[in-house]
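So the chains spell out like this:
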Amino acid sequence: MLPMTQDQGELDSLVRKRIRALRVAQGWSLDELATRARLSPSTLSRIETGRRRLALDQLVTLARALDTSLDQLVETATDDVISSPMIDAAHQLMRWPIRADPGMTVVRQRMTDPPPDSPSRMRAHPGREWLVVLSGTAVLLLGNRRFRVETHQAAEFPTMLPHAIGAEGGPCEILGIFDRDARRGHQRKESSGDASRPAP
């Protein structure tokens, strides 16, 4: 067998630590994970501690038992840990894509206008949105209901309900997370010329 390179040794060590960390995060003992992965507890112990060579078939089984994928179990990319926002100054917002899930987008936006007073300016589209108010007070119109969302409070809702959001009593800042469908809904809205709430 060829000697292990430094990079391979680092990956080997990382995967073993990751298996143990995922097991501990689930609150499982060695015996519990071993049972789920159809391994003996002693084999699993030797895998975690580096006293047994990592075999591909065992990694596939362990990934499945830990409710993850083989790709995630052996992932090493750490070059892109930090990302800078795309800034949309016209709408006073910053936007970050989530690399691990390209369908998700995070948006930070400063809002100064109240929500629209006309139901025709509320919109519905597939998807879900989650937002937290960083400062000030936001007003969320959702169907026929009106919600005040204060600093540090969050709101999560299905976007098939007609909705709109704005500020109350002064500027507010929100941080929102949009899934792929919600993001597309906002992009279609922006392209149609209604920019009262910009696309994420």
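What counts, and where the lines are drawn
- Residues numbered from 1 in each chain as written.
- Predicted model: local features only at pLDDT ≥ 70, side-chain atom pairs only at ≥ 80, totals over all residues.
- Heavy atoms only, no water.
- Helix = DSSP H or I, 4+ residues; strand = E, 2+ residues; numbered from the N terminus.
- Buried < 20%, exposed > 50% of the residue type's maximum accessible area, 1.4 Å probe, protein only.
- Contact = heavy atoms within 4.5 Å.
- Areas by Shrake-Rupley, 256 points an atom, 1.4 Å probe, with all protein chains shown as cover.
- Core = buried A, V, L, I, M, F, W, Y, C linked by side-chain atoms within 4.5 Å.
- Pairing = 2+ DSSP bridges.
- Axes fitted to C-alpha atoms, helices over the stretch in contact; angles between N-to-C directions.
- Parallel < 35°, antiparallel > 145°, perpendicular 65-115°, else oblique.
- Left-handed = near helix turned anticlockwise from the far one by under 90°.
- Nonpolar A, V, L, I, M, F, W, Y, C, P; charged D, E, K, R; others polar.
- Arc of directions from axis to C-beta.

A short note on the overall build of the chain
The secondary structure content of the chain amounts to six helices and nine strands. Of all 200 residues assigned to the chain, the portion counted as buried reaches 36%. For the chain, long-range pairs separated by at least 24 residues make up 60% of all intrachain contacts whose partners lie at least 6 apart in sequence. Element-wise, carbon and sulfur atoms account for 51% of the exposed surface of the chain, whose accessible area totals about 12,100 Å².

Focus on the nonpolar core
By size, the foremost hydrophobic cluster in this structure holds 16 residues, and its most contacted members are Ile19, Leu33 and Leu62. Residue assignment for this core shows that the elements contributing at least two residues are α1 (6–26), α2 (30–37), α3 (41–49) and α4 (56–65). Here this core gets four residues from one element, more than from any other, and that element is α4. Apart from the residues within four sequence positions on either side, Ile19 is in contact with Leu33, Leu44, Ile47, Glu48, Leu59, Leu62, Leu66 and Leu73. Met111, Leu142, Ile165 and Ala167 belong to the second-largest nonpolar core, a separate cluster that totals 13 residues.

Section: the sheet that holds strand β6 (residues 145–150)
Pairing between sheet strands relies on hydrogen bonds along the backbone, with the strands arranged either parallel or antiparallel. The strand order across the open sheet formed by three strands is β6-β5-β8, and the pairing between neighbours is antiparallel. The open sheet has two edge strands with one neighbour each: β6 and β8 (163–167). Each strand axis lies, on average, 20° off the axis of its neighbour in the sheet, ignoring direction. Sheet analysis places strand β5 (residues 137–142) next to β6, joined by six bridges and oriented antiparallel. Across the sheet, residue Leu140 finds its bridge partner in β6, namely Phe147.

Brief notes about unusual backbone geometry
Glycine aside, negative phi is the norm for most residues, and most peptide bonds take the trans geometry. Positive phi is not limited to glycine here, since Asp67 has a value of about 60°. On the secondary structure map, Asp67 appears in the loop between α4 and α5 (70–74). According to the relative accessible area criterion, Asp67 is exposed, its value standing at 69%.

Considering the packing of α2 against α4
Working note: a packed helix pair is described by the angle between its axes plus the distance between those axes. Relative to each other, α2 and α4 sit at 110°, their axes nearing to 9 Å. Between α2 and α4, the angle falls in the class roughly perpendicular. Where α2 crosses over α4, the two elements pack in a sense that is right-handed. Along the contact surface, α2 presents Leu33, Arg36 and Ala37, while α4 presents Thr61, Leu62 and Ala65. Class assignment of the residues belonging to the contact of α2 with α4 gives a composition of four nonpolar, one polar and one charged.

With respect to α4
Burial in α4 covers these residues: Gln58, Leu59, Leu62, Ala63 and Ala65. For α4, the buried positions fall inside an angular range of 160° around the axis, keeping them on one side. Relative to its buried face, α4 has exposed residues pointing more than 90 degrees away, namely Leu56, Asp57 and Arg64. The first or second residue beyond α4 is Asp67, which carries a positive phi of 60°.

Let's talk about the sheet that holds strand β1 (residues 86–88)
Strand order across the open sheet formed by six strands is β1-β2-β3-β9-β4-β7, with antiparallel pairing between neighbours. Edge positions in the sheet fall to β1 and β7 (154–158), since each has one partner strand and no second. Averaged over all pairs of adjacent strands, the angle between their axes in this sheet comes to 20°, without regard to strand direction. Pairing analysis gives five bridges linking strand β2 (residues 93–97) to strand β3 (residues 105–111), with the strands arranged antiparallel. Within β3, the residue paired with Arg95 across the bridge is Val107.

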